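Letter by letter, the chains look like this.
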Amino acid sequence: MAEPNGDPKTLPDYLREGLDIVFVGINPGASSVVAGHYFSGRYNRFWPALNLSGIAGPRPLGPQDDVRMNDLGFGLTDVVKRPSRVASELRAADYRRWAPLARERLIAARPLVVCFNGITGYKHFLRYAEGEDAASALGEQERRLGNSVVFVAPSPSPANASYSLEAIAEWYRRLGAVRDRLKGAGGAP
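Numbers given for residues are sequential positions, taken from 1 along each chain in its written order. Since the coordinates come from a predicted model, pLDDT governs what is reported: local features require at least 70, and pairs of side-chain atoms require 80 or more to be given and counted, while whole-chain, interface and lining totals use all residues. The side-chain values count all of the structure's non-hydrogen atoms but skip hydrogen atoms and water molecules.

## Remarks on the overall build of the protein chain
Helix and strand definitions here come from DSSP, where helices need a minimum of 4 consecutive H or I residues and strands a minimum of 2 consecutive E residues; each element is numbered from the N-terminal end. Helix and strand content of the protein chain: five helices and five strands. When the helices and strands of the protein chain are listed from N to C terminus, the series reads β-α-α-β-α-β-α-β-β-α. Taken over C-alpha atoms, the radius of gyration comes to 15 Å for the protein chain, in line with the 16 Å a tight globule of 189 residues would show. Oriented by its inertia axes, the alpha-carbon framework of the protein chain measures out at about 45 × 35 × 30 Å. Once local pairs closer than 6 in sequence are excluded, the contacts in the protein chain between residues at least 24 apart make up 69%. Taken as a whole, the protein chain presents about 8900 Å² of accessible surface, with 51% of it coming from carbon and sulfur. Positive charges are assigned to Lys and Arg, negative charges to Asp and Glu, while His and the chain termini are left out of the count. Charge coordinates come from a single atom per side chain, which is NZ of Lys, CZ of Arg, CG of Asp or CD of Glu. If the 24 positive side-chain charges of the protein chain are averaged to one point and the 20 negative ones to another, these points end up 3 Å apart. With C-alpha atoms as the basis for the radius of gyration, the globule rule is written as 2.2 Å multiplied by the number of residues raised to the power 0.38. For this analysis, residues touch if any pair of their heavy atoms sits within 4.5 Å. Accessible surface is estimated by sampling points in the Shrake-Rupley manner with a 1.4 Å probe; for residues, cover comes only from the protein chains shown.

## What about the packing of helix 3 (residues 92-109) against helix 4 (residues 119-130)?
To obtain an axis, a line is fitted to C-alpha atoms, over the contacting stretch when the element is a helix, and the angle between two such axes runs from 0 to 180 degrees between their N-to-C directions. One can describe the packing of helix 3 onto helix 4 by two numbers: an axis separation of 8 Å at closest approach and a directional angle of 85 degrees. Between helix 3 and helix 4, the angle falls in the class roughly perpendicular. Along the contact surface, helix 3 presents Ala92, Tyr95, Arg96, Ala99, Pro100, Ala102, Arg103 and Leu106, while helix 4 presents His124, Phe125, Tyr128, Ala129 and Glu130. Note that Gly is not counted as nonpolar here; it falls among the polar residues with everything else outside the nonpolar set of Ala, Val, Leu, Ile, Met, Phe, Trp, Tyr, Cys and Pro and the charged set of Asp, Glu, Lys and Arg. Grouping the amino acids of the contact of helix 3 with helix 4 by side-chain chemistry returns nine nonpolar, one polar and three charged. Note that the term roughly parallel is reserved for angles under 35 degrees, roughly antiparallel for angles over 145, roughly perpendicular for angles of 65 to 115, and oblique for everything else.

## Considering the sheet that holds strand 4 (residues 139-145)
Sheet architecture is open: five strands sit in the order 2-1-3-5-4, paired in mixed fashion. If you trace the sheet from one side to the other, it starts and ends with strand 2 (74-78) and strand 4, each paired once. Each neighbouring strand pair of the sheet contributes to a mean axis angle of 25 degrees, computed without reference to strand direction. Direction of pairing for strand 4 relative to strand 5 (residues 148-153): antiparallel, over a ladder of four bridges. Bridged to Leu145 within strand 5 is Ser148. Whether two strands pair comes down to DSSP finding at least two bridges between them.

## Comments concerning the side chain of Asp78
Looking at the element boundaries, Asp78 is found in strand 2. Polar contacts here mean pairs of N or O atoms no more than 3.5 Å apart (in protein, one a potential hydrogen donor and the other a potential acceptor; neighbouring residues in sequence count only if both atoms are side-chain atoms). A distance of 3.0 Å separates polar atoms of two side chains, one belonging to Asp78 and the other to Lys81. Setting aside anything within four residues of it in sequence, one finds Asp78 in contact with Asp13, Val24, Gly25, Ile26, Asn27, Pro28, Tyr38, Ala102 and Arg105.

## Some thoughts on the nonpolar core
Ranked by size, the top nonpolar core spans 52 residues in total, and within it Phe23, Leu50, Val113, Phe116, Tyr172 and Leu175 carry the most contacts. Considering each element in turn, this core owes the most residues, seven residues, to helix 5 (residues 165-184). Not counting the four nearest positions on each side in its chain, Phe116 is found in contact with Val24, Val79, Tyr122, Phe125, Val150, Phe151, Val152 and Ala153. Here the nonpolar core consists of buried residues drawn from Ala, Val, Leu, Ile, Met, Phe, Trp, Tyr and Cys, with membership extended through side-chain atoms lying within 4.5 Å. Buried, partly exposed and exposed residues are distinguished by accessible area as a fraction of the type maximum, computed with a 1.4 Å probe on protein chains only: under 20%, between the cut-offs, and over 50%, respectively.

## Observations concerning helix 4
Along an α-helix, residues three or four apart share an orientation, since each turn contains 3.6 residues. When helix 4 is considered as a whole, its buried residues turn out to be Gly121, Tyr122, Phe125, Leu126 and Ala129. When helix 4 is viewed along its axis, its buried side chains cluster within an angular range of 140 degrees and face the same direction. For helix 4, the secondary structure elements touched by its buried residues are helix 3, strand 3 (113-117), strand 4 and strand 5. Two residues or fewer past helix 4, Gly131 is found with a positive phi of approximately 70 degrees. Directions drawn from the helix axis to the C-beta atoms are what define this arc.

## What about the packing of helix 2 (residues 46-53) against helix 5?
Viewed as axis vectors pointing N to C, helix 2 and helix 5 meet at an angle of 60 degrees, and their least axial separation amounts to 8 Å. It follows from the interaxial angle that helix 2 and helix 5 lie oblique. Of the two possible hands of crossing, helix 2 and helix 5 adopt the one that is right-handed. Here helix 2 contributes Phe46, Pro48, Ala49, Leu50, Leu52 and Ser53 to the contact with helix 5, which in turn contributes Leu165, Glu166, Ile168, Ala169, Tyr172 and Arg173. The sense of a crossing depends on the near helix, which, turned anticlockwise from the far helix by less than a right angle, makes the crossing left-handed and, turned clockwise, makes it right-handed.

Don't take any of this as a statement about function, it's just geometry.
This is the structure we're talking about:
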């Protein structure tokens, strides 16, 4: 499955200037690309954790709602736009190609917070888009991306069995608290 220019079919970015939070995945899952929606794999915990956290409001959201996330103040994109069955199929060449482009898109969008879904994706982003091999931990990062605060949450992928649904939701609640603090401060980190 490829586009006319030879690039693989992928998911569109849901980005625009002035968003509160942009969620950044490692790359689109092949099943999500087939479905045409972010985080639509049967066992992916992104939508359940987002709903459980309450940071997107009281109405339950699912993969079909990705197209309206901008209206709720959220964005969606990936470090690498090439889909795969599992992220471990990605190679250094994928990150070398796509991470700098993700950086450009994120800086142009200027959200209050950029939330990387997973330490692995953030580490690859740092290495290939920023030229850094810094260790990272979950939560708010000291490093900024343009004017945006950077936050790292656990990956909601079913491959990440280290974190329960409730634990991921708790990290999203912490993310919501960062957003609320920034909005209360007039958007300045």
